[in-house]
Amino acid sequence: MSELVVTLIRLGYLVLLWLLVLSAIGVLRRDISGTRVLARGSLTGRASRRTSTDAPGRGRGRKRGQPTRLVVTGGPLTGTTIRLGESSILLGRAPSSTLVLDDDYSSNRHARIFPADGGWYVEDLGSTNGTWLGSTQVLEPTPVPEGTPIRVGQTVIELRR
């Protein structure tokens, strides 16, 4: 082999080595910084941004006296409120969730709260530790009465007016 070919192979290996080092640094940086968590009470959720022009209780298909917000009553995010809109609310550790739970006992996509038939339902999405409505484990989509606690890992939430 000529010296030019050997030099090009050495440069190629050097470039690959640097790409490996930079990708490892990127992974470490993401692991150290973790998921971005907003201050308590500032999380309004994607569902409320879509319907922010609607007054509470005036959404299409929503009956008078129906819950208008989801409130975290227990766990690390106590005090966080999300206005209920017409779309479902995804609960879990994944950054794409509507309510991101910083909880080792919750799954990435743990549960979903969604409107249907004029009411709100909770559905477990195959989580490891389960979703609980009051003292009953949720095994299928279940209607959620206002004020009944929903437990997802260490986090407790309720639907309120």
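The sections below set out a description of the structure shown in this document. No experiment lies behind these values; they were computed from the predicted model shown. (Residues numbered from 1 in each chain as written. Predicted model: local features only at pLDDT ≥ 70, side-chain atom pairs only at ≥ 80, totals over all residues. Heavy atoms only, no water.)

## Points about the sheet that holds strand β3 (residues 89–92)
Applied cut-off: At least two bridges found by DSSP between two strands is the condition for calling them paired. Each helix is a run of H or I in the DSSP string that is no shorter than four residues. Each strand is a run of E no shorter than two, and both are numbered from the N terminus.
Ordered by their spatial adjacency, five strands build an open sheet running β4-β3-β5-β6-β9, and the pairing between neighbours is mixed. Each end of this open sheet is capped by a strand with a single partner; those strands are β4 (99–100) and β9 (142–143). Two elements, strand β5 (residues 111–116) and strand β6 (residues 119–124), share six bridges in a ladder whose sense is antiparallel. Pairing of A116 across the sheet is with G119, part of β6.

## Some points on the packing of aromatic side chains
Note the cut-off: Side-chain rings of Phe, Tyr and Trp, where Trp is taken by its six-membered ring, are said to pair if the distance between their centres is within 6.5 Å; with planes under 30 degrees apart they count as stacked, over 60 as edge-to-face, and otherwise as tilted. Relative accessibility under 20% of the residue-type maximum defines a buried residue, over 50% an exposed one, and the middle range a partly exposed one, all with a 1.4 Å probe and only protein chains included. Criterion for a charge above a ring: Lys NZ or Arg CZ within 6 Å of the ring centre, and within 35 degrees of the ring normal.
Here the structure, examined in full by the defined rule, presents one aromatic pair. Arranged with centres 5.8 Å apart and planes meeting at 20 degrees, the rings of F114 and Y121 form a pair that is stacked. Here the two residues F114 and Y121 agree in accessibility, since each one is buried. Above the plane of the ring of F114 lies R112, whose end atom (NZ or CZ) is 4.0 Å from the centre.

## Some details on the pattern of salt bridges
Between side chains of opposite charge, a pair can form as their charged atoms come close. Heads up, the condition is: Each reported salt bridge corresponds to a side-chain nitrogen of Lys or Arg within 4 Å of a carboxyl oxygen of Asp or Glu.
Overall, the coordinates contain three salt bridges when judged by the stated rule. Ionic pairing is found between R160 and E158, a salt bridge with its closest N-O pair at 3.2 Å. According to the relative accessible area criterion, R160 is partly exposed, its value standing at 31%.

## Focus on the nonpolar core
Which entries qualify depends on this criterion: Definition used in this section: a nonpolar core is a set of buried Ala, Val, Leu, Ile, Met, Phe, Trp, Tyr and Cys residues joined via side-chain atoms within 4.5 Å. In this analysis, two residues are considered to be in contact whenever any of their non-hydrogen atoms come within 4.5 Å of each other.
Counting 20 residues, the largest nonpolar core has L70, L91, L99, I113, V122, I150 and I157 as the members making the most contacts within it. Breaking this core down by element, the ones donating at least two residues are β1 (69–74), β3, β5, β6, β10 (150–152) and β11 (155–160). Residues contacting I150, with those up to four places away along its chain left out, are I113, V122, T131, W132, L133, V144, T155, V156 and I157.

## Description of a nonpolar patch on the surface
Note the threshold: Each patch is built from residues lacking any salt bridge and having more than 30% relative accessible area; the joining distance is 9 Å for like charges and 5 Å for nonpolar side chains (Val, Leu, Ile, Met, Phe, Trp, Tyr). Here the accessible surface of atoms and residues is derived via Shrake-Rupley with a 1.4 Å probe, and residues count as covered only by protein chains that are part of the display.
A contiguous nonpolar patch, built from L4, L8, L11, L14, L17, W18, L20, V21, L22 and I25 and spanning about 1000 Å² of accessible area, is present on the exposed surface. Structurally, the position occupied by L11 is in helix α1 (residues 3–33). Looking at L11, the relative accessible area reads 46%, which means it is partly exposed.

## Some details on the sheet that holds β11
A sheet is described by the order of its strands in space; here six strands give the open sequence β2-β1-β11-β10-β7-β8, paired in antiparallel fashion. Only two strands of the sheet have a single partner each, and these edge strands are β2 (81–83) and β8 (136–137). Bridge analysis of β10 against β11 gives three bridges, and the strand direction is antiparallel. The residue bridging R151 from the neighbouring strand is V156, located in β11.

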